[in-house]
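# Architecture and fold: a report
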Amino acid sequence: MAEVFKLDHVYKNYKNDGKEFLALKDVSLSINEGEIFGIIGMSGAGKSTLVRTLNRLENVSEGSVSFYGQDLSILKDKDLRLIRRQIAMIFQSFNLLNQRSVLSNVMQPLRIAGIPRAQRKEKALEMLRIVGLEDKKNEYPARLSGGQRQRVAIARALAADPKVLLCDEATSALDPKITGEILDLLKTINETRKLTIVIITHEMSVVEKICDRVAIIDKGELAELGEVKEIFRNPKSEPARKLVFPSNPFDPSGNDSRLIRIVFDGLDANRPFIADLVEKTGKKVNILSANTKSVKGIGYGQMVLELPENKNDQEEIISFFKKSGLSVQEVNKA
């Protein structure tokens, strides 16, 4: 599998009014051809700075960023422009030209590239068919819904046949239903056009729905990197745990009680774990919360449980769940 991007010990340092701010600290990762790769972190974590290094909108202070093996830092302006044509972006704010029609907006990158009008119109109509908006070709952005405007932005991004699509908080301004539709569209585009997609977001639900792998950025550092399903099942870093199960709304009933999270996939959904625990060990737990969700199309369930105060009982219960094949993590108290 070809390596599209490779970041090797990347640092990004900003200087302002004599003060320095380190936005990225020793970040190393790679993004493979054809995958949907998530970059997630809270506001100010450095994820948008990171994605801007991928097309050299930001120059790195140390380290290197390569695109298909080419070090971006050594490219001259002409060569860099050629690379950037292969890397399209969509944004939270859509960035459409309000005075131009939908069709004209989609034709814009082709116009800049010098493509003849007949060809760019044909290409733009094809892109609008892909995103399901061919019937809106003569409308203006102001008359479209947020979801429709984002579809136009996606069509425009695809018009120049890029190898990569960067999505910077592209669904943050949309409601959950429309977000789901846009993510489904991106997944379809990824599968049918073999397009590498990089999604920058602060929402774990976006990553869980369509990403193959995810990098979790915290205070400019790479906190965790891996397959989405594995990080959901067993987050190892504190930033990952906060994103997977953000905060526990419950306090333990006793000072020595412990809260744990257990995770099981759809194959285990019908196994009576709690009943088995009581039957085989005689130990009881208190179920504080439970839910199910889809992660990359696979159903997962999770429960937050309160364990009894006796430490030996706690260890016996945790051991039982682990031997049953469940992922078990400690949950921070509220």
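What this report covers is the structure whose coordinates are included nearby. Along each chain, the written sequence defines residue order, and numbers are assigned to residues from 1. Residue-level local features of this predicted model are given only where pLDDT is at least 70; pairs of side-chain atoms are given and counted only at 80 or more, and the full residue set underlies all totals for whole chains, interfaces and linings. For the side-chain quantities, the full set of heavy atoms in the structure was used; hydrogens and water were omitted.

### Considering the sheet that holds strand β6 (residues 87-91)
Cut-off, in case you're wondering: Here, any two strands with at least 2 DSSP bridges between them count as paired. Runs of H or I in DSSP of at least four residues are treated as helices and runs of E of at least two as strands, each being numbered from the N terminus. In this description, a line fitted to the C-alpha atoms serves as the axis of each element, helices being fitted only across the stretch in contact, and the angle between N-to-C directions of two axes falls anywhere from 0 to 180 degrees.
Within the open sheet, the 6 strands sit side by side as β6-β7-β8-β3-β9-β10. Their pairing is mixed. Each edge of the open sheet is held by one strand with a lone partner, namely β6 and β10 (221-227). Ignoring strand direction, the axes of neighbouring strands in this sheet form an average angle of 15°. Here strand β3 (residues 36-40) pairs with strand β9 (residues 213-218) via 4 bridges, running parallel. Its bridge partner lying in β9, Gly38 is registered against Val214.

### A word on the pairing of strand β4 (residues 62-67)
Inspection of the sheet shows strand β1 (residues 3-16) paired to β4 by 5 bridges, in the antiparallel sense. When the bridges of β4 are listed, Phe5 appears paired with Phe67. Sheet topology note: the β4/strand β5 (residues 70-71) ladder contains 2 bridges and is antiparallel. Bridging from a neighbouring strand, Ser66 pairs with Asp71 of β5. Counted along the chain from β4 to the antiparallel partner β5, the turn is 2 residues long, and its residue Tyr68 has a positive phi close to 50°.

### Things to note about unusual backbone geometry
Of note, Asp26 is a non-glycine position whose phi angle comes to about 55°, a positive value. Turning to its location among the elements, Asp26 is positioned in strand β2 (residues 19-32). Notably, Lys219 is not glycine yet its phi reads approximately 50°, a positive angle. Within the fold, Lys219 resides in the loop between β9 and β10.

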